[in-house]
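Structural overview for review
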Amino acid sequence: MRNSRVLQNSLPTQLTRSINPLNMLNIKTFYFNPYRECTYIVSLGDSSVCLIIDPGMYGESEERRFYDYLTANNLTPLAVLITHTHPDHICGLESIDQHYPNLPHYGTIYTMPADINDEITINGFTFRLIPTPGHKEDCLCFYFEQDHILFTGDTLFQESVGRTDLPGGDIAQLTQSLNTLCQLPEQTQVYPGHGYPTTIEHEKEYNPYI
Ligand SMILES: [Zn+2]
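Residues numbered from 1 in each chain as written. Predicted model: local features only at pLDDT ≥ 70, side-chain atom pairs only at ≥ 80, totals over all residues.

The number of helices and strands found in the protein chain is 6 helices and 13 strands. For the protein chain, buried positions account for 35% of its 210 residues. In the protein chain, 59% of the contacts between residues at least 6 apart in sequence involve partners at least 24 apart. (Helix = DSSP H or I, 4+ residues; strand = E, 2+ residues; numbered from the N terminus. Buried ≥ 20, exposed ≤ 12 C-beta atoms within 10 Å, placed from the backbone. Contact = placed C-beta atoms within 7 Å.)

The subject of this paragraph is the confidence of the model for the protein chain. Taken residue by residue, the protein chain gives an average pLDDT of 89. The fraction at 70 or more is 87%. Contacts for the low-pLDDT stretch residues 1-20, under 50 throughout, to residues beyond four places or in other chains number 2 contacts. (pLDDT = per-residue confidence, 0-100.)

Nonpolar side chains tend to gather and get buried jointly when the protein is soluble and globular. Formed by 40 residues in total, the largest nonpolar core has its most connected members in L51, I53, L81, C141 and F142. Not counting chain neighbours up to four residues away, the residues in contact with L51 comprise V42, P77, L78, A79, L81 and F125. (Core = buried A, V, L, I, M, F, W, Y, C linked by C-beta atoms within 7 Å.)

Our next topic: unusual backbone geometry. Phi is positive for D54, close to 55°, though the residue is something other than glycine. Within the secondary structure, D54 is located in the loop between β3 (49-53) and α2 (60-72). Here D54 falls in the buried class, since 28 other C-beta atoms lie within 10 Å of it.

The sheet built from 5 strands is open, its strands ordered β1-β2-β3-β4-β5 with mixed pairing. Taken across any chain shown, the strands that pair with only one partner, and hence form the sheet edges, are β1 (25-32) and β5 (105-106). Relative to strand β4 (residues 76-81), β3 runs parallel, the two sharing 5 bridges. Across the sheet, the residue bridging to L51 is A79, located in β4. (Pairing = 2+ DSSP bridges.)

Further remarks concern the sheet that holds strand β6 (residues 120-122). Strand order in the open sheet formed by 6 strands is β6-β7-β8-β9-β12-β13, with mixed pairing between adjacent strands. Of all strands in the sheet, those bounded by a partner on one side alone are β6 and β13 (198-199). Two elements, strand β8 (residues 140-144) and strand β9 (residues 149-153), share 3 bridges in a ladder whose sense is antiparallel. Following the sheet pairing, Y143 is matched in β9 by L150.

Helix length check: helix α5 (residues 171-182), at 12 residues, gives a terminal C-alpha distance of 16 Å against a target of 16 Å (1.5 Å per residue), a fit within 8%. Among the residues of α5, L174, S177, L178 and L181 are the ones counted as buried. The arc that holds every buried residue of α5, seen down its axis, measures 100°, which confines them to one face. When the buried face of α5 is taken as reference, the exposed residues oriented beyond 90 degrees from it are A172 and N179. In this structure, the buried side of α5 is in contact with β8, β10 (156-157), β11 (160-161) and α6 (200-206). (Expected span 1.5 Å × (residues − 1). Arc of directions from axis to C-beta.)

Where a strand is regular, its side chains alternate between the two sheet faces. Taken together, the 4 bridges between β9 and strand β12 (residues 189-192) define a ladder with parallel strand orientation. Residue F151 lies in a different strand from β12, and its bridge partner there is Y191. Bridge analysis of β12 against β13 gives 2 bridges, and the strand direction is antiparallel. Bridge pairing in β13 places Q189 opposite T199.

Let's shift gears to α2. A rise of 1.5 Å per residue sets the reference length of α2, with its 13 residues, at 18 Å; its end C-alpha atoms lie 18 Å apart and thus fit the reference within 8%. Just downstream of α2, N74 is the residue with a positive phi angle, here 55°.

Bridge analysis of β6 against strand β7 (residues 125-131) gives 3 bridges, and the strand direction is antiparallel. Across the sheet, T121 pairs through a bridge with T126, a residue of β7. Where β6 hands over to β7, the hairpin turn is made up of 2 residues, of which N123 adopts a positive phi near 45°. Summarising the sheet, β7 and β8 pair through 4 bridges and their orientation is antiparallel.

Relative to the helices and strands, G162 resides in the loop between β11 and α5. For the pair formed by G162 and P192, sequence separation is 30 residues and the distance between their alpha carbons is 9.9 Å. Non-local contacts of G162, meaning those with residues more than four positions away in its chain, are made with H135, D154 and T155.

See below:
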């Protein structure tokens, strides 16, 4: 009896795997530092590689949570993606560089492709950079078109947007950037730099800035 129970208990895991094919993105969200910035770890199906988006770990306890998650899930980072260079989005970058020397960084002041419309492929991850100035001049969104997933940093939040009154901010540019994002398919899932995920469809209907 005990053995059959064990077998039954193992079924949900197998089912989970069968609906979680190798090419599906898994997204882990941490809320780090006093600004509750969203740091994302994006992995691919059951593979052991991941991308890090906006590392905002601040202090030893947050760093420990972050690295413990990578270790527990046997994940090796391939690159760091930076939506923009406000301190709450990059304060964990120095720690990552110490842990994983030579990890490439993607962002406007880091690595840029020759053509902004080029797709970037890193070991099975495929995404495009969409420049979205307005909250800050160096803002980017990362668009995983095949997966209908968009990381928006502080350009677009659930029913809100990033402030434009800090250096490099420009409300007219932000409006133009939001228009660009609204051209994406409505089912696109939006993972913002603060707060909770949303969709382009929801924001077109409920965001007062759009
Ligand atoms: Zn910001």
